[in-house]
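An overview of the molecular structure
Spelled out from the first residue to the last, the chains are:
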Amino acid sequence: MKKRLFLTTCTLAMSAVYAAPTFAQDATNGHSQDSQQGASSAGASETDAIVVTGSRIRRSDATSAIPLKILGREDISESGTTSIAEIVQEIPGVDSDISPESSNTSVQNSGISSVNLRRLGSNRTLTLIDGRRAISNAGNGERVSLSTIPAGFVESIEVTTGGASAIYGSDAIAGVVNIILKKDWEGFEANLRYLAPERSGDNEIDADLTWGKNFANGRGNILVGASFEHQRAIYADSTRPESIAALTWDTPGYAGAFNDESVFPGCESGGYCFTPSLSSYLPGGRFESDDAWNIGGVWYNDKSLLPDDGRPASAGFETYPDGFNYRPGQTLSPEYLMASGAVKLEYELTPSVNVSASVMYTYNYTRARNSSEAAIYGDEYARLDANGNALRDSNGNVIYGELPQIAANNPFIPDAVEETRSGTVSWYRRFAELGWDEKINFRDTLRSSLALNGSAWGDWQWQVSGTYGTYKQHQRDTNEINLQNLAYALVVESDGAGGYQCVDATARSQGCVPIDLFGENSITDDMANYIRYNANLYQKREQITGLASANGTVLQLPGGPLKAAAGLEYRREYQKTWGQDGDVIMATTSTGVPDIEAHFDVVEAFAELDIPITSRLSLQLAGRAADYSTVGGVFSYNAGGSWSPSSSIRFRAQYSRSQRAPTLTEFFSPPRGDYDSVRDPCDGLMPDGSGVTAPAGSNTSTAVLAANCLAVPGIQAYFADPANAGQPFEFDGSIRGPNQGNNKLKEETADTYTAGVVLTPKIIPGLSLIADYYQIRVRDAIGSISSQLTADLCYTADNYPDNRFCDVISRNSQTGTISQIINQVENLDSYLTEGVDVTFNYDWAISGIPGRFGANLIYTHYFRDEFTYQGIAGLETEDSLGEIGKPTDEFRLKLGWSDRNIRISWTTLYRSGGVDDNHVAPTDSEYFKVGGQAYHNLYMSYTLRNRPHIKIYGGVNNVFNDLGPFIPSGLNYGSSRNIVSALNDLDGREFYVGARFRF
């Protein structure tokens, strides 16, 4: 493996041992702070030395070169939530990556909660627990779900900005989120909490129990904790009317017709507005194209059963107003249950050697649901043999079948359809009798550690540790459709005894039940059971780490002690995904995930120096050499410093080079099921080469495009078919677009610059003001070219078909239509994010008024948020700053007052609004913009007594009951759930009460 010799040399040079460092911060009163609140103590004593996130050297936090924000115990308690993800996201610059609300229908990630820093994604944000890497809770990425960490176990949360790969290794490109758990705790504590929303759903019950005890004359401590949390699902219903509004952002249609959409408010001009959004797939079915349909058990057709709503004769079905609103009853936020238990043990073996061990187990359950599945004649499915294996042609390609039209002699055809029928019956239907399309997840996470640490050689401390973690997931995807069974069930004949049977004898032997698609509830339980498919997905992750390090003073310099840390680290990541019934899932509506079994390991050596140039000026250096079994050698480093010209001001700056190695999925995954919408570049083609239009932005001539399209064997077969004489080749629709790994990937590389100033003026006691600038640029970012762009690049190329874009496109050999485009990840893209953070803290008292007041403001302003990618004409750069969910400004303002046993706080969370598309001018009717959004939370507590400690508390989340903006489908940042964007708080106003007891 490349750089193996270099790494071995580094390894031999570092005679140190490591276990995860002890993170010993103590935020003032447990409230949020920047790590530089102690900046006035430029010459802080060595007794103040601790290890904080972003370094392995014990030092005063007043000399740190990187920005660090801390949420203390009281911040967690006063947040109004027990979700660690939601608590962390209160910090500006921290965003949700995957949330229970955004992952309702996710194939693998439904129900998890992960965060990302600086909008660079959770794969580029390293999440630690007590300074240790935590096992991923996702089978398709390195994502730690914060829902696996009970809030009752957490002492504080520390967040750094910028690259930290030199300290912690891969993934720490955007920064680090470090969850610090309780330790050295004695006594018993119980925290009970109940929350109820003003609207439906989301009732919460929380219970945290903690017991700790010293033993062996104080040489040992044992800490045991248990936590339980249950949240009811939030469904789209009338208590949140925006969630069930059947609207989209579009131009109105049918001007002057009986279903004229321009009569909707704001649509009078004919420009973009909120227009009806209904589904043409009805629970009762639609037949003969638009000629016959069933709504609520009532039949309509374009003959004798025309609706009495002013539509002209023979008008037939119209999606508006006849369509189906599938929104009511869907989950906006899934049902969630968490149960966790933890044990931590610490023991002093000798005065200079300690041992510690910990185990934490968490069980998570989530249940989300979507509208029932739908199908249409002509839908493709993989044809299976009797053993469930896909049939393949001589080239190994899967042979696909199509759902048939219904034969003219089908016994279930009702009079309303028979009246409109000419030949076989085409059909479109939602299969509501099967039930909700549900994603049910069962997750088990086990994290354990064992460590030895001690002191030697003066102030040197050595540590050795190992961790083992496992994650297991079982996902049930219920009430999907087995399309091959449906195809069998649609072709029926008389059974000779007055009934009916499936024509296919093999299907009959396997329980085939003829199916009746005509009308609501026409599908019986037996019929539904025959075509129902429940998919099961199993995933397992294992992580093993071993660490060894030491840190201490190397020598005394005139400016102070020269400190160092050095060590070795080993990590192994293993993943296995299975359980999707092999090829069977290819014959269903469920999105398949292929079987995967893969692993990688990495050996790393690291070193860090803290060099005091003077008593007020320090230089900090760090480097890490790593050898991956996948990408080979990687070297990360950083250099920074801190300067305090006076006790009231300090300047700091750092440059870092960080990397992210590909995940197991990115490197090893075979094609994973997905679907994309594609307009074929050959759409409109005529046999003479006319009719095609070059894709927008392409410099290719239509002659080149036409020649390439005419060379496609499947399109040649289409034109050779007499039935298509005089007809253009057309395709604009859904295709299979599976995602695939790439074992030729290399690591991502990021360069980060931070610079800041810390002010703690002596003339204003209790005041601190911190400002930090940052810029993060990521190169060789791992991504994939979209299916649409792949098709465009293939057929507009001068070297067609000898290019990598054409290699991943499959077409139907008879019809020429695109059936599949594989999206393989590559080192394609780059990111640039730039901004400034400001933190303001002030603690004061007012003469004559009891108690003390406190204010904390954390503010972030973005300058740039850019993404560079492969476009049709080469590299293109998009700046999404100022779009919805990419705010220019964010802040968290917390005001508090305390007096002896009383505590009151008010927290405001603000994110600026934005436009849906920066490329749409304000004068364009398509222009859509929403304003900034602020949410306000109130917290109050009263301590009844201190020994034993009894505190009662309560509060109101979202005091003004604001759900946020209405952002429906049709918008880039919209959704058919309407109120689940990054600017929304779909919970609405919530009230909670609780009690904490400590003995």
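Per an unreviewed UniProt entry, the chain is named TonB-dependent receptor, and its organism is Tsuneonella flava. UniProt's Subcellular location (unreviewed entry) comment on the chain is quoted here verbatim: "Cell outer membrane". Database annotation for the chain, UniProt heading Sequence similarities (unreviewed entry): "Belongs to the TonB-dependent receptor family."

1. A look at the overall build of the chain
Each helix and strand counted, the chain has 13 helices and 52 strands in total. Dimensions of the chain along its principal axes, counting C-alpha atoms only, are 95 × 65 × 60 Å. If you sum the accessible surface of the chain, you get close to 38,900 Å²; carbon and sulfur atoms cover 53% of it. Side-chain charges of the chain comprise 79 positive and 119 negative groups, with the mean position of each set lying 11 Å from the other.

2. A short note on the UniProt feature "domain: TonB-dependent receptor plug" (unreviewed entry) in the chain
Here, UniProt's "domain: TonB-dependent receptor plug" (unreviewed entry) annotation points to residues 65–176. Between the C-alpha atoms that bound residues 65–176 the distance is 15 Å, and the span itself is 12% helix and 27% strand.

3. Section: unusual backbone geometry
Residue Pro321 follows Tyr320 across a cis peptide bond; omega there is 20°. Relative to the elements of secondary structure, Pro321 occurs in helix α5 (residues 319–322). In this structure, Pro948 follows Arg947 across a cis peptide bond, with omega equal to -10°. Within the secondary structure layout, Pro948 lies in the loop between β50 (933–946) and β51 (949–957). Its identity is not glycine, yet Asp202 carries a phi of approximately 70°, on the positive side. The residue Asp202 is located in the loop between β9 (187–197) and β10 (204–215) in this model. Its identity is not glycine, yet Tyr254 carries a phi of approximately 60°, on the positive side. Assignment of secondary structure puts Tyr254 in the loop between β13 (247–250) and β14 (273–276). Take Tyr254: its relative accessible area is 40%, and that puts it in the partly exposed class.

4. A word on the sheet that holds strand β24 (residues 427–430)
A sheet is described by the order of its strands in space; here 5 strands give the open sequence β17-β16-β15-β24-β21, paired in antiparallel fashion. The open sheet terminates on both sides in strands that have one partner only, identified here as β17 (298–301) and β21 (374–376). Sheet analysis places strand β16 (residues 292–295) next to β17, joined by 4 bridges and oriented antiparallel. Across the sheet, residue Ile295 finds its bridge partner in β17, namely Val298.

5. Some remarks on the nonpolar core
Generally speaking, a soluble globular protein has its nonpolar side chains buried in company with each other. The biggest cluster of nonpolar side chains holds 38 residues, and the ones touching the most others in it are Ala375, Leu403, Trp427, Phe431, Leu486, Ile515 and Leu517. Sequence-distant contacts of Phe431, defined by excluding residues within four places in its chain, comprise Ser372, Glu373, Ala374, Ala375, Ile481, Leu486, Ile515, Leu517, Ile523 and Ile531. If you look at the next biggest cluster of nonpolar residues, it comprises 36 residues, including Ala85, Ile87, Ala342 and Tyr862.

6. Some thoughts on helix α7 (residues 483–490)
For an α-helix, the turn length of 3.6 residues means that residues three or four places apart are oriented alike. Of all the 8 residues making up α7, 7 are buried; the element is thus mostly covered by neighbouring parts of the structure. Within the span of α7, buried status applies to Leu483, Gln484, Asn485, Leu486, Ala487, Ala489 and Leu490. The opening residue of α7 is Asn482, an N-cap whose side-chain oxygen sits 3.2 Å from the backbone nitrogen of Gln484.

7. Topic: the environment of Asn191
With respect to the secondary-structure elements, Asn191 resides in strand β9. Taking the C-alpha atoms as reference, Asn191 lies 5.7 Å from Ala207; in sequence the two are 16 residues apart. Every residue in contact with Asn191, bar those within four places of it in the chain, is listed here: Asp206, Ala207, Asp208, Tyr953, Ala995 and Arg996.

8. What about the packing of aromatic side chains?
Geometrically, a pair of aromatic rings is defined through the distance of the ring centres and the angle of the planes. For the coordinates displayed, the defined rule picks out 35 aromatic pairs. Note on Trp643 and Phe651: the rings are 5.7 Å apart at their centroids and 25° apart in plane angle, and the pair reads as stacked. Between the aromatic rings of Tyr831 and Phe867, the centroid separation amounts to 5.0 Å while the plane-to-plane angle is 25°, which identifies the pairing as stacked. In this pair, Tyr831 is assigned in strand β43 (residues 826–844) and Phe867 in strand β44 (residues 852–871), connecting sequence segments 36 residues apart. Put simply, the rings of Trp249, Tyr272, Phe274, Phe928 and Phe966 pair up and form one aromatic cluster. Geometry around Phe606 places Arg56 over its ring, the cationic atom sitting 4.6 Å from the centre.

9. Digging into the state of the cysteines
Evaluation of the coordinates by the stated rule reveals 4 disulfides. At a sulfur-sulfur separation of 2.0 Å, the disulfide partner of Cys682 is Cys709. Between Cys682 and Cys709, the S-S dihedral sits near -85°, and the bridge is therefore left-handed. One end of the pair, Cys682, is in the loop between β35 (675–679) and α11 (702–710); the other, Cys709, is in helix α11, with 27 residues separating them in the sequence. Note that Cys794 is cross-linked by a disulfide to Cys806, the S-S spacing being 2.0 Å. Judged by the sign of its S-S torsion, about 105°, the cystine formed by Cys794 and Cys806 is right-handed. Here Cys806 lies in the loop between α13 (787–795) and β40 (809–811) and Cys794 lies in helix α13, a separation of 12 residues in the sequence. Taken individually, Cys794 and Cys806 each receive the classification buried, so the pair is uniform in this respect.

10. What to know about a nonpolar patch on the surface
Together, Leu609, Ile613, Leu617, Leu619, Leu621, Trp643 and Phe651 make up an exposed nonpolar region whose accessible area comes to about 560 Å². A per-element tally of the nonpolar patch places strand β32 (residues 617–628) first, with 3 residues. Among the structural elements, Leu609 can be located in strand β31 (residues 596–612).

11. With respect to the pairing of β9
Alignment of β9 against β10, held across 9 bridges, turns out to be antiparallel. Bridged to Asn191 within β10 is Asp208. Where β9 hands over to β10, the hairpin turn is made up of 6 residues, of which Gly201 adopts a positive phi near 70°. Sheet topology places β9 next to strand β52 (residues 990–998); 9 bridges connect them, and they run antiparallel. Counted as the bridge partner of Ala196 is Phe991 from β52.

12. Points about the pairing of β31
Here strand β30 (residues 560–578) pairs with β31 via 15 bridges, running antiparallel. Across the sheet, the residue bridging to Thr577 is Ile596, located in β31. Both β31 and β32 contribute to a ladder of 11 bridges, which runs antiparallel. Following the sheet pairing, Glu608 is matched in β32 by Ala622.

13. Things to note about the confidence of the model for the chain
In this model, the chain carries an average pLDDT of 89, and 94% of its residues clear a pLDDT of 70 or more. Note on residues 1–30: pLDDT is under 50 here. Beyond four places in sequence and across chains, it has 92 contacts. Considering only residues more than four positions removed or in separate chains, one finds that residues 35–48, a stretch of pLDDT under 50, has 32 contacts.

14. Thoughts on α11
Within α11, burial applies to Leu705, Ala706, Asn708 and Cys709. Down the axis of α11, the buried side of the element spans an arc of 165°, and every buried residue falls inside it. Packing partners of the buried residues in α11 comprise α12 (713–720) and α13.

Criteria and thresholds
- Residues numbered from 1 in each chain as written.
- Predicted model: local features only at pLDDT ≥ 70, side-chain atom pairs only at ≥ 80, totals over all residues.
- Heavy atoms only, no water.
- UniProt positions renumbered as here; feature names shortened; annotations may be inferred.
- Helix = DSSP H or I, 4+ residues; strand = E, 2+ residues; numbered from the N terminus.
- Areas by Shrake-Rupley, 256 points an atom, 1.4 Å probe, with all protein chains shown as cover.
- Lys, Arg positive; Asp, Glu negative; His and termini not counted.
- Charge placed at Lys NZ, Arg CZ, Asp CG, Glu CD.
- Buried < 20%, exposed > 50% of the residue type's maximum accessible area, 1.4 Å probe, protein only.
- Pairing = 2+ DSSP bridges.
- Core = buried A, V, L, I, M, F, W, Y, C linked by side-chain atoms within 4.5 Å.
- Contact = heavy atoms within 4.5 Å.
- Polar contact = N/O pair within 3.5 Å; in protein donor to acceptor, adjacent residues only side chain to side chain.
- Phe/Tyr/Trp six-rings, centres within 6.5 Å; stacked < 30°, edge-to-face > 60°.
- Lys NZ or Arg CZ within 6 Å of the ring centre and 35° of its normal.
- Disulfide = S-S within 2.5 Å.
- Patch = residues over 30% accessible without salt bridge, like charges linked within 9 Å, V, L, I, M, F, W, Y side chains within 5 Å.
- Salt bridge = Lys/Arg side-chain N within 4 Å of Asp/Glu carboxyl O.
- pLDDT = per-residue confidence, 0-100.
- Arc of directions from axis to C-beta.

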